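# Fold and geometry: a report
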Amino acid sequence: MTLPVAVLVSGRGSNLQSILDACASETVDARVVLVLSNREGVPALGRAERAGVPHAVFAMRDKSERAATHAAMAQAIANAGARLVVLAGFDHILAPSFFVALPGVPVINLHPALLPLFGGRGMHGDRVHEAVLRSGATESGCTVHRVHPETVDLGEVIVQRRVPILPADDAVALSARVLEQEHIAIVEAIRRFTPVPNLI
Ligand code: GAR
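Residues numbered from 1 in each chain as written. Predicted model: local features only at pLDDT ≥ 70, side-chain atom pairs only at ≥ 80, totals over all residues. Heavy atoms only, no water.

### Some thoughts on the packing of aromatic side chains
Under the defined criterion, the tally for this structure stands at 1 aromatic pair. Their ring planes at 75° and their centres at 5.6 Å tell us that F98 and F99 sit as a pair that is edge-to-face. Comparing F98 with F99, the two get one shared label, buried. (Phe/Tyr/Trp six-rings, centres within 6.5 Å; stacked < 30°, edge-to-face > 60°. Buried < 20%, exposed > 50% of the residue type's maximum accessible area, 1.4 Å probe, protein only.)

Shown next, in the form of structure tokens:
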């Protein structure tokens, strides 16, 4: 039974692409049934379009619309029949209303560092890599973890992949090295939610 997946994005969508490619090549027994963005016109939406995957934008004018917007996103995901939600570069923190509308549907997030290090509110994209470099750490990596209401980057770890930090690294170099691992980790994490085939 192929796992129906919804993917939430905010920008470039290279991890979405990795998921779409893995589904198309049957590297993972999953299918992206819906892509949702909180931003108009981002490259990730073009990737969904080219793959023929339904996609929509749920933008909000201000924070007062957060609970209603996230509830509407969850309703769209439920209507699409998704059984797993993947946050792949999604840069908003989901309101509790999102989870209420999707009982029993796991939500997972991809983060570009080795959680519990370098996570939490405001830690997104290059800010994470800059903090890692400032700390003098000798390795970094990425984490895919469960997402629960009212927490940021604190859910159970599903997959982690590590990379070395090299003396000449800046945020651009480090983020490129981590991103390669993210593309593998996100597919591996989705695979953990796919049904085990009946071998009899
Ligand atoms: C990825 O590096 C992902 O780990 C990060 O945003 C980037 C999105 O890239 N997410 C976070 O920082 C979450 N806190 P993509 O749009 O090319 O997949």
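### Section: the site of the ligand
Near the ligand the following residues occur: R12, G13, S14, N15, G89, L110, H111, P112, M123, H124, G125 and E182. A distance of 2.6 Å separates an oxygen atom of the ligand from a polar side-chain atom of R12. Isolated, the ligand exposes 450 Å² of accessible area, and the fraction of that covered by the protein chains is 92%. Of the pockets mapped on this structure, the ligand occupies the largest pocket. (Near = heavy atom within 4 Å. Polar contact = N/O pair within 3.5 Å; in protein donor to acceptor, adjacent residues only side chain to side chain. Areas by Shrake-Rupley, 256 points an atom, 1.4 Å probe, with all protein chains shown as cover. 1 Å grid on protein atoms, 1.4 Å probe; cavity = no way out; pocket = protein on both sides within 12 Å on 5 of 7 lines; lining within 4 Å. Sits in = over half its atoms within 2 Å of the grid points.)

### Details of the sheet that holds strand 3 (residues 55-57)
Across the sheet, which stays open at both edges, the 7 strands sit in the order 3-2-1-4-5-6-7 with mixed pairing between neighbours. The open sheet has two edge strands with one neighbour each: strand 3 and strand 7 (157-164). Neighbour-to-neighbour, the strand axes of this sheet turn through a mean angle of 20°, independent of strand direction. Both strand 1 (residues 3-9) and strand 2 (residues 30-37) contribute to a ladder of 7 bridges, which runs parallel. From the neighbouring strand, A6 faces strand 2, where its bridge partner is L34. (Pairing = 2+ DSSP bridges. Helix = DSSP H or I, 4+ residues; strand = E, 2+ residues; numbered from the N terminus. Axes fitted to C-alpha atoms, helices over the stretch in contact; angles between N-to-C directions.)

### So, the layout of surface pockets
Its volume calculated, the largest pocket comes out at about 1,000 Å³. Forming the walls of the largest pocket are 48 residues, and the residues nearest its centre are G89, F90, D91, H92 and H124. Looking at the lining of the largest pocket, the elements with two or more residues in it are helix 1 (14-24), strand 5 (107-111), helix 5 (126-135), strand 6 (139-146) and helix 6 (171-191). For the lining of the largest pocket, the leading source of residues is helix 6, giving 4 residues. Taken together, the residues of the lining of the largest pocket break down into 17 nonpolar, 19 polar and 12 charged. (Points joined across faces, edges and corners; volume = space filled by probe spheres on them. Nonpolar A, V, L, I, M, F, W, Y, C, P; charged D, E, K, R; others polar.)

### Here's the deal with helix 3 (residues 66-80)
Its 15 residues give helix 3 an end-to-end C-alpha distance of 21 Å, which sits within 8% of 21 Å, the value for a rise of 1.5 Å per residue. Taken as a whole, helix 3 has its buried residues at T69, H70, M73, A74 and I77. Taken down its axis, helix 3 places every buried residue within 135° of arc, on the same side. What points out from helix 3, more than 90 degrees from its buried face, is the exposed set A68 and N79. As for helix 3, its buried residues are in contact with strand 1, strand 2, strand 4 (84-87) and helix 4 (96-100). Looking one or two residues beyond helix 3, the residue adopting positive phi is G81, at roughly 80°. (Expected span 1.5 Å × (residues − 1). Arc of directions from axis to C-beta. Contact = heavy atoms within 4.5 Å.)

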